[in-house]
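Each chain, written out:
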Amino acid sequence: MTTADSTLEWWKTAVVYQIYPRSFQDTTGNGTGDLNGITERLAYLSDTLGVDAVWISPFYTSPMADFGYDVADYCDVDPVFGSLNDFDRLLAEAHRRDLKVIVDWVPNHSSDLHRWFVESRSSLTSPKRDWYVWQDAKIDGSVPNNWQSMFGGSAWTFDETTSQYYLHSFLPEQPDLNWRNADLKAAMFDTLRFWLDRGVDGFRIDVAHFIMKDPDFTDNPLAAAPTDGIEFRSFGGYDKWDHIHAKGHADVHAVFRDLRSVLDEYSGDRFSVGEIHIFNWDEWASYYGDGDELHMPFNFSLVWSDWSAAEIRRRVEGLEAALPTHGWPNHVFGNHDEQRLATRYGHRNARAAAVLLLTLRGQPTMYYGDEIGLPETDVPPERRQDPWEFRVPGMSRDGCRTPMPWTAAPGHGFSDPGTEPWLPFGEDAGRRNVEAQLSDPASILNLYRQLLQIRGTRSSLHKGSIEFIDDLPDGVLGFVRADADERTIVLVNFTEETKRTSTPDEFTLLISTDQQRSGIGPGVIRLGPNEALAIDPGPSAG
Ligand code: NOJ
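Residues numbered from 1 in each chain as written. Predicted model: local features only at pLDDT ≥ 70, side-chain atom pairs only at ≥ 80, totals over all residues. Heavy atoms only, no water.

A. A look at the overall build of the chain. For the chain, the helix and strand inventory stands at 15 helices and 20 strands. The globule rule puts the C-alpha radius of gyration for 542 residues at 24 Å, and the 24 Å found for the chain is close to it. The principal-axis extent of the C-alpha atoms belonging to the chain is close to 80 × 50 × 45 Å. Across the 542 residues that make up the chain, the buried fraction comes to 60%. Within the chain, residue pairs in contact and separated by at least 24 positions form 69% of the contacts whose partners lie at least 6 positions apart. Total accessible area computed for the chain in this model is approximately 20300 Å², and 48% of it derives from carbon and sulfur atoms. Computed over 49 positive and 83 negative side-chain charges, the inter-centroid distance for the chain is 3 Å. (Helix = DSSP H or I, 4+ residues; strand = E, 2+ residues; numbered from the N terminus. Rg over C-alpha atoms; globule rule 2.2 N^0.38 Å. Buried < 20%, exposed > 50% of the residue type's maximum accessible area, 1.4 Å probe, protein only. Contact = heavy atoms within 4.5 Å. Areas by Shrake-Rupley, 256 points an atom, 1.4 Å probe, with all protein chains shown as cover. Lys, Arg positive; Asp, Glu negative; His and termini not counted. Charge placed at Lys NZ, Arg CZ, Asp CG, Glu CD.)

In structure tokens:
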């Protein structure tokens, strides 16, 4: 738990932990996690692990075409996850433990089974017609423009009832809401108030910048080749196009200013973080507005970084340089859409990544299971669930969404022993689980616990400045975190070789990924292969 600092809003110093609720804890024995399961595990989160806030992926009423990111009622809980009463209990219990609760909010699209869409599609004159994005076919009957669905194919589906096309940036079962309609906007802001009234502390906003598109529906141009060789991933052909007209229209900023006013109607520093995959730093930073839009856009830069000292430094410096004075940084290494960190970088580097995540400047978000080094699970074809995979083979996100193994016993403490979970456990769940790692002093879980403890008590780490250290051996990244009271030096060896570097004459070792490290000499440190460590150089060290 981070030491409270009354001069800073809670979300600046908090460590956030993302829960994918289907996979955290099942209390009903149906193989799918639920809200009561999260409540049962709050002691683990606050006391055993020591995080400050949880972000819970969607648990609203949903036909589950996209596992909850297709919302059929923004103001209720899907029976698979429990009830509103269960949510209220979860929230009260979390708050009793000083844990903040951030919920997901999905404003770009609803489910096609949402009553708004059912009404909207029923006739051209429906009062809700304009709540979604409808367009006529072109003269030749073809789709209104060349916009693509991220989940494959055209972003337009023809609806026979009224002979128009509706827009869906994702699945056809996820029609896009029309944020240019004032009634829709008001109704969506009321869904925020519904959860704010219940006491939630903030929102993670799904594909936040998608909500405003070009009102003229201009065709998108083909994408230029990536200019700097980074930030370019193929999404099965989606990235052939530069989607400039289908998302992020400049009018989005006015909506976020209004959204911020809604949050500011409430006391307690209610928080917003937008899922914004934009890799042009200036454009990305524009979502902070003048301190009057989102509290922060998620920074996904490290998720897609090579594991290299130079590359990580370049990205963190890019962020720091782009940040407006009122902006607070954040870092994340994984989520429910990305390949697991331990698979991307390997188990040893995953430990060093833990050190980085929890010592860089800004709000860190951890993804459930990363604290035990869960690798990507190889989900066999017959067990696959992700709709993206069914439309664009190779895009499955199932491997990073598998159930949390709590114990080695059958069912792994996640569900009843005889129940088949909605996605399979990884092969090594018998060995790699919370219980086993708690009893192993050298486990990655115990590393995370120590890191959280150190970060929470050291003000330099949770609110200090950051300055990179030059003149380190190749492949070593180093930075100093400092505030008025203390300094912390962090060194990360990205290589497989031992590296020597000089240090202040006197210092204290705070933590190392090598939990067996027996000592550390004055004046010089030998960093083992893939080792990351933090030291306290004392107040006056240079
Ligand atoms: C982004 C979410 O993170 C992802 O899981 C979801 O499929 C899409 N948005 C559509 O809502």
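There is more to say after this.
B. Region of the structure containing the site of the ligand. Neighbouring the ligand are 14 residues, the closest being Asp-66, His-109, Asp-206, His-336 and Asp-337. Arg-204 is positioned such that a nitrogen or oxygen atom in its side chain is 3.1 Å from an oxygen atom of the ligand. One of the side-chain nitrogen or oxygen atoms of Asp-206 is found 2.8 Å away from an oxygen atom of the ligand. For the ligand, whose unbound accessible area comes to 300 Å², protein coverage reaches 97%. Its residues assigned to classes, the shell around the ligand shows 4 nonpolar, 3 polar and 7 charged. (Near = heavy atom within 4 Å. Polar contact = N/O pair within 3.5 Å; in protein donor to acceptor, adjacent residues only side chain to side chain. Nonpolar A, V, L, I, M, F, W, Y, C, P; charged D, E, K, R; others polar.)

C. Seen up close, helix H4 (residues 84-96). Look at H4: 18 Å from first C-alpha to last across 13 residues, which is about the 18 Å you get at 1.5 Å a residue. Those residues of H4 lying buried are Leu-84, Asp-86, Phe-87, Leu-90, Leu-91 and Ala-94. For H4, the arc enclosing every buried residue in end-on projection is 155 degrees, short of the 170-degree limit, so these residues lie on one face. The exposed set on the far side of H4, more than 90 degrees from its buried face, consists of Asn-85 and Arg-96. Those residues of H4 that are buried are in contact with helix H2 (35-40), helix H3 (42-49), strand E2 (53-56), strand E4 (73-77), strand E5 (100-105) and helix H6 (182-198). A positive phi of about 65 degrees marks Asp-98, the residue just after H4. (Expected span 1.5 Å × (residues − 1). Arc of directions from axis to C-beta.)

D. Here's a closer look at the packing of aromatic side chains. For the coordinates displayed, the defined rule picks out 42 aromatic pairs. A ring pair is formed by Trp-116 and Trp-131, whose centres lie 5.1 Å apart and whose planes are at 75 degrees; its orientation type is edge-to-face. Here Trp-116, found in helix H5 (residues 115-122), pairs with Trp-131, found in the loop between H5 and strand E6 (134-135); they are 15 residues apart in sequence, far enough to count as distant. As far as the burial class goes, Trp-116 and Trp-131 line up, both buried. (Phe/Tyr/Trp six-rings, centres within 6.5 Å; stacked < 30°, edge-to-face > 60°.)

E. Up close: the pattern of salt bridges. A full pass over the atoms with the stated rule returns 34 salt bridges. The residue Glu-311 makes a salt bridge to Arg-315 at a minimum N-O spacing of 2.8 Å. Residue Glu-311 and its partner Arg-315 are located together in helix H9 (residues 309-322), separated by 4 residues, close to a single helical turn. Note on accessibility: Glu-311 and Arg-315 belong to one class, buried. When the shortest N-O distance is used, the salt bridge between Arg-313 and Glu-317 registers 3.1 Å. With a gap of 4 residues between them, Arg-313 and Glu-317 both fall in helix H9, about one helical turn apart. Look at the salt bridges and you will find they share partners, linking Asp-66, Asp-337, Asp-386, Arg-397 and Arg-401 into a network. (Salt bridge = Lys/Arg side-chain N within 4 Å of Asp/Glu carboxyl O.)

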